[in-house]
Amino acid sequence: MADDKSYKTERGNAGERHQLATGDTQAMTTNFGVPISDNQNSLKAGARGPTLLEDFVLREKIFHFDHERIPERIVHARGSAAHGYFECTDPIPEISRASLFAEKGKKTPVFTRFSTVAGGAGSVDTPRDVRGFAVKFYTDEGNWDLVGNNIPVFFIQDAIKFPDLIHSVKMEADRAYPQAGSAHDTFWDFVSLMPETLHTLIWAMSDRGIPRSLRMMEGFGVHTFKLVNAQGEEQFCKFHWRPKLGTQSFIWDESAKAQGADNDFHRRDLWEAIERGDYPEWELALQIFDQDLADSLPYDVLDATKIIPEEVVPLRVVGRMVLDRNPDNFFAETEQSAFLPSNVVPGIDFTDDPLLQGRLFSYLDTQKSRLGTTNFHQIPVNAPKCPFANMQRDGMMQTMIFKGRANYEPNSLNDAGEDPGPRPVEAGFHTAEQRVEGKKLRIRPESFADHYSQPRLYWNSVTDNERAHIASAITFELSKVSLDHVRERVLSHLRVLHEDLGRRVADGLGIELPEAAEPAKAPIDLDVSDALSIQKNWPATLEGRQIAILFDEGSSKSEIESLKSAVESAGGTAMLVAPKVGGIPLDQGEMTADGQLAGSPSVLFDAVALVLTGDAAQKLAKNSAAIGFVSDAYAHLKAIGASEGAQALLDKAGVEKDDGVTDIAGLLEAAKLRYWDREPKLRDLA
Ligand code: HDD
């Protein structure tokens, strides 16, 4: 075979030259600007001969590709983010001099990243887990990062336990599973040995651990912070994000199935909502209190395993966050974003919470191994949007070109007419003054000793159905634990938390209830807080909800169209689902579907409509995807609106009439809710 012949591909052959002129911005070049003439073929000695080392185009391309990945975050590796703004609606200059709270209507750009904690970057979106809720405010006095979670408390009280906590929850050291899940021996071993984890544990085992959407999660700064005004007066503060769409969650079977139906369920939901202009929004609310109030509480405000109920210190809404722009590039922005709790601005300060204090080191430190350079602050997503200047110089990947000789401070170069560079300013960040004295001690304060009263408060504050979900979730997780002594130790703590919870989990597992653990401090009964329950506060709205309209041959076109437009004018979205996506003949004309039935199970939606003729329903009653579509919607406590013809499918799916099962006209109202009362009829809950 002659070795200098080539064949012509559709995209041109090796001999074809790029039509664009050198220097054209559309011209493909190497990283050093040399125009590339052929991006299909490597340079060879003869058409079938060996590739030449000389091929700098090939080498550069492969070299860059080989190094495209950076270490993923050690925790919170899987995340999705968006740009937006914070708008101050109620200024609080008398409480904090932070510029973002200065004036009504003032807008501060933000970049917000949501994440799961345990799974790797390529893991799924809907496992049971705490969710990260990290907001970077680009204020005009520097970046403030509020690096919080969707749960207002944390597993541990002291940062020294963080590596142990994370090692225990991540995939086990020898077998490298399970991915993204806490239902395994090592996690429950750790938590059973550390009862301080119980409060966050009960939140994570509740429906808070399986949010319906990133747009429907609360966010919390977790720690107590300080707010400081221009006079240097300080108050304590806890930060809360409240979603405009209300807090909504999956139920467990639904979130597990959503994982199979769409790995990227939350990521896609966030992206698509922003693309269609349905901008997610949260209120920022503050709990502001002083030392006297802190002293009056039966728990320590420096202990990150404790909340202050809203009924004790009410929330004051000071602004709103709107996310209105998806990132242009996932890697450059979302992956390279670096959040640091140590990023505070004048007007916001830390407390001595020992968990927070440890975080102040960890996040700065981790960026060096993740982003590879101390200059990670120069990456556009991390750089402040206000001017910044200091005498820090050089380092890997330095992109700033500093002029002149001034790289030290103080200097007197200005006496010689040279630029002296930046100097500290009196109006800069001042740490809130605080008297500190005491012995050096490696101990926990006694005020941190009560690990049971607040998880008991949570248990007492939620609905019966939510309690059943918690007991069932713990039963499920412990059923995956293989070490008997670990299960028993967990149960011994649950008994102290609440006898009922311990008994229900023991019954669910079918094992004896062991002796109760001996608490370091006996729990007390705190006043119930209704704000802690999702179901008590479930918003009756179609806003943000996705309704599937299942149709097939012969369905009523006008019924489909009027339902779709009614859903959309109520702020929801409607997706048309049919056995085939191509044109389907209806009673009048035809219609294409947005999703094929087998690929669009009802777990992806909040409610379903069945607009079907009797014939179509008879046919679909023999189709497992259609039966599963309806029986899952029913089992996941969703509203089902059905045309008369759909009865055969309803019957096959085992749907019984209740408030959530209506005709098509009734669906608009019914789809605003879930039907918790239906659940005991359908599954055994602990
Ligand atoms: Fe953390 C990431 C939230 C305790 C060490 N954490 C990280 C992220 C969130 C939180 C939302 C992801 C940020 C992003 O999107 O990039 N972490 C929390 C909360 C905590 C908490 C609410 C307790 C109140 N974390 C905590 C402790 C330590 C860390 C006690 C270490 C002592 N966290 C890290 C980290 C990460 C991180 C290893 C991984 C990637 C990163 O920081 O930038 O440094």
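The model shown is predicted, which means the values in this text are computed figures rather than measured ones. (Residues numbered from 1 in each chain as written. Predicted model: local features only at pLDDT ≥ 70, side-chain atom pairs only at ≥ 80, totals over all residues. Heavy atoms only, no water.)

Regarding the layout of surface pockets
So, point 1. What the largest pocket holds in volume is close to 1300 Å³.
So, point 2. Along its surface, the largest pocket is lined by 42 residues, and Pro384, Phe388, Ala389, Asn390 and Gln392 are the ones closest to its centre.
So, point 3. Of all the secondary structure elements, the ones that give two or more residues to the lining of the largest pocket are β4 (142-149) and α9 (354-371).
So, point 4. Of the residues forming the lining of the largest pocket, the biggest block, four residues, is contributed by α9.
So, point 5. In terms of residue class, the lining of the largest pocket is made up of 18 nonpolar, 16 polar and eight charged. (1 Å grid on protein atoms, 1.4 Å probe; cavity = no way out; pocket = protein on both sides within 12 Å on 5 of 7 lines; lining within 4 Å. Points joined across faces, edges and corners; volume = space filled by probe spheres on them. Helix = DSSP H or I, 4+ residues; strand = E, 2+ residues; numbered from the N terminus. Nonpolar A, V, L, I, M, F, W, Y, C, P; charged D, E, K, R; others polar.)

Comments concerning the pairing of strand β16 (residues 607-611)
So, point 1. In terms of residue burial, β16 counts as a mostly covered element, since five of its five residues are buried.
So, point 2. Burial along β16 is two-sided: Ala607, Ala609 and Val611 facing one way and Val608 and Leu610 facing the other are all buried.
So, point 3. As defined by bridge partners, strand β11 (residues 546-551) adjoins β16 across five bridges and the pair is classed as parallel. Bridge pairing in β16 places Ala548 opposite Val608.
So, point 4. Here four bridges tie β16 to strand β17 (residues 639-642), and the two strands are oriented parallel to one another. Among the inter-strand pairings, Ala609 is bridged to a residue of β17, identified as Gly641. (Buried < 20%, exposed > 50% of the residue type's maximum accessible area, 1.4 Å probe, protein only. Pairing = 2+ DSSP bridges.)

Quick look at the coordination of the iron atom of the ligand
So, point 1. For the iron atom of the ligand, the protein contributes exactly one donor atom, Tyr363 (OH), at 1.7 Å.
So, point 2. Here Tyr363 is to be found in helix α9. (Donors = N, O, S within 2.8 Å, 3.2 Å for Na, K, Ca; no water.)

Some details on the packing of helix α11 (residues 464-479) against helix α13 (residues 499-509)
So, point 1. Put simply, α11 and α13 touch, their axes get as near as 9 Å, and they point 50° apart. When the interaxial angle is binned, α11 and α13 end up oblique. The two elements α11 and α13 cross, and the hand of that crossing is right-handed. Here Asp464, Arg467, Ala468, Ile470, Ala471, Ile474, Thr475, Leu478 and Ser479 of α11 come into contact with α13, specifically with Leu501, Arg504, Val505, Gly508 and Leu509.
So, point 2. Here the contact of α11 with α13 is built from residues that sort into eight nonpolar, three polar and three charged. (Axes fitted to C-alpha atoms, helices over the stretch in contact; angles between N-to-C directions. Parallel < 35°, antiparallel > 145°, perpendicular 65-115°, else oblique. Left-handed = near helix turned anticlockwise from the far one by under 90°. Contact = heavy atoms within 4.5 Å.)

Let's talk about the packing of aromatic side chains
Think of a pair of aromatic rings as described by two things: how far the centres are apart, and how the planes are tilted against each other in angle.
So, point 1. Applying the stated criterion to the full structure yields 21 aromatic pairs.
So, point 2. Where Phe137 meets Trp241, the ring centres are 6.1 Å apart and the plane angle is 15°; that geometry is what we call stacked. With Phe137 in strand β3 (residues 131-139) and Trp241 in strand β7 (residues 234-243), this residue pair connects regions lying 104 residues apart in the sequence. Each of the two residues, Phe137 as well as Trp241, counts as buried.
So, point 3. Aromatic side chains Trp144 and Phe239 sit 5.2 Å apart centroid to centroid with 55° between the ring planes, which places their arrangement in the tilted category. Highlighted residues: Trp144 in strand β4 and Phe239 in strand β7, separated in sequence by 95 residues. Take Trp144 and Phe239: they sit in the same class, and that class is buried.
So, point 4. Taken together, the aromatic side chains of Phe86, Phe101, Phe114, Phe133, Phe137, Trp144, Phe225, Phe239, Trp241 and Trp282 make up a single cluster linked through ring pairs.
So, point 5. Taking NZ or CZ as reference, Lys136 lies 5.0 Å from the ring centre of Phe339, over its face. (Phe/Tyr/Trp six-rings, centres within 6.5 Å; stacked < 30°, edge-to-face > 60°. Lys NZ or Arg CZ within 6 Å of the ring centre and 35° of its normal.)

Section: the domain arrangement of the chain
So, point 1. If you check the domain split of the chain, you get domain 1 (2-66), domain 2 (79-162 + 214-378) and domain 3 (542-681).
So, point 2. Computed from C-alpha coordinates alone, the two centres of domain 1 and domain 2 are separated by 47 Å. (Domains from an automatic or database assignment.)

Some words on the sheet that holds strand β15 (residues 595-596)
So, point 1. One open sheet holds the six strands; their spatial order is β15-β12-β11-β16-β17-β18, and the pairing between them is parallel. Of all strands in the sheet, those with a lone pairing partner are β15 and β18 (661-662), marking the two edges.
So, point 2. Helix-sheet contacts for helix α14 (residues 557-569) involve β11, β12 (573-578) and β16, and the interaxial angle to β12 is about 150°.
So, point 3. Set on the sheet, helix α16 (residues 624-635) makes contact with β11, β12, β16, β17 and β18; between it and β16 the angle comes to about 140°.

Here's the deal with helix α6 (residues 265-275)
So, point 1. Those residues of α6 that fall on the buried side of the exposure criterion are Phe265, His266, Asp269, Leu270, Ala273 and Ile274. For α6, the buried positions fall inside an angular range of 155° around the axis, keeping them on one side.
So, point 2. Looking at the buried side of α6, the elements it contacts are β1 (79-88), β2 (107-116), β3 and β9 (316-325).
So, point 3. Directly beyond the C-terminal end of α6, a positive phi value near 85° is found at Gly277. (Arc of directions from axis to C-beta.)

Topic: the pairing of strand β6 (residues 225-228)
So, point 1. Side chains of β6 alternate between two faces, with Phe225 and Leu227 and Lys226 and Val228 buried alike.
So, point 2. Hairpin remark: β6 followed by β7, antiparallel, with five residues in the connecting loop; positive phi at Gly232, about 85°.
So, point 3. In this sheet, strand β10 (residues 348-349) lies alongside β6 in antiparallel orientation, the contact comprising two bridges. Residue pairing in the sheet places Leu227 in a bridge with Ile348 of β10.

Concerning the site of the ligand
So, point 1. Near the ligand, the surroundings consist of 23 residues, among which Arg73, Arg113, Arg359, Tyr363 and Gln367 are the closest.
So, point 2. Between the ligand and the protein, one listed contact pairs a nitrogen atom with a side-chain N or O atom of Tyr363 at 2.6 Å.
So, point 3. Here an oxygen atom of the ligand sits 2.9 Å away from a polar atom, N or O, in the side chain of Gln367.
So, point 4. Taking a 2 Å distance to the grid points as the criterion, the majority of the atoms of the ligand fall inside the second largest pocket.
So, point 5. With six residues, α9 is the single largest residue contributor to the shell around the ligand.
So, point 6. A breakdown of the residues in the shell around the ligand according to their chemical character gives 12 nonpolar, eight polar and three charged. (Near = heavy atom within 4 Å. Polar contact = N/O pair within 3.5 Å; in protein donor to acceptor, adjacent residues only side chain to side chain. Sits in = over half its atoms within 2 Å of the grid points.)

Considerations on the nonpolar core
So, point 1. Membership of the largest hydrophobic core comes to 59 residues, with the highest contact counts inside it found for Trp188, Ile474, Leu494 and Leu501.
So, point 2. When residues of this core are traced back to their parent elements, those giving at least two are α2 (162-169), α3 (185-193), α4 (198-205), α10 (453-461), α11, α12 (484-497) and α13.
So, point 3. When sequence neighbours within four positions are dropped, the list of residues in contact with Leu501 reads Ile202, Trp459, Ile470, Ala471, Ile474 and Leu494.
So, point 4. In terms of nonpolar packing, the next biggest core, distinct from the first, is built from 36 residues, Leu100, Leu270, Ile274 and Leu323 among them. (Core = buried A, V, L, I, M, F, W, Y, C linked by side-chain atoms within 4.5 Å.)

Description of the confidence of the model for the chain
Low-pLDDT stretches of the model should not have their predicted coordinates read in fine detail.
So, point 1. Here the chain shows a mean pLDDT of 96. Residues at 70 or above account for 96%.
So, point 2. Here the predicted complex carries an ipTM of 0.99, next to a pTM of 0.96. (pLDDT = per-residue confidence, 0-100.)

Observations concerning the UniProt feature "active site" (unreviewed entry) in the chain
So, point 1. UniProt records the feature "active site" (unreviewed entry) for His76 and Asn149 in the present numbering. Across 74 residues in sequence, these annotated residues keep their C-alpha atoms within 10.4 Å of one another, forming a single compact spot. Set against the second largest pocket, the annotated residues that line it come down to His76 and Asn149.
So, point 2. With respect to the helices, strands and loops of the structure, His76 is situated in the loop between α1 (56-66) and β1. (UniProt positions renumbered as here; feature names shortened; annotations may be inferred.)

Some remarks on the state of the cysteines
So, point 1. Inspection of every chain in the model, using the stated rule, returns zero disulfides.
So, point 2. A disulfide-free cysteine, Cys88 has its sulfur positioned 13 Å from the sulfur of Cys237, the nearest such atom. (Disulfide = S-S within 2.5 Å.)

Thoughts on the environment of Gly105
So, point 1. Along the chain, the position of Gly105 falls in the loop between β1 and β2.
So, point 2. Take Gly105: its relative accessible area is 37%, and that puts it in the partly exposed class.
So, point 3. For the pair Gly105 and Ile251, spaced 146 residues apart in the sequence, the C-alpha separation amounts to 38 Å.
So, point 4. Aside from chain neighbours lying at most four places away, what touches Gly105 is Glu87 and Cys88.

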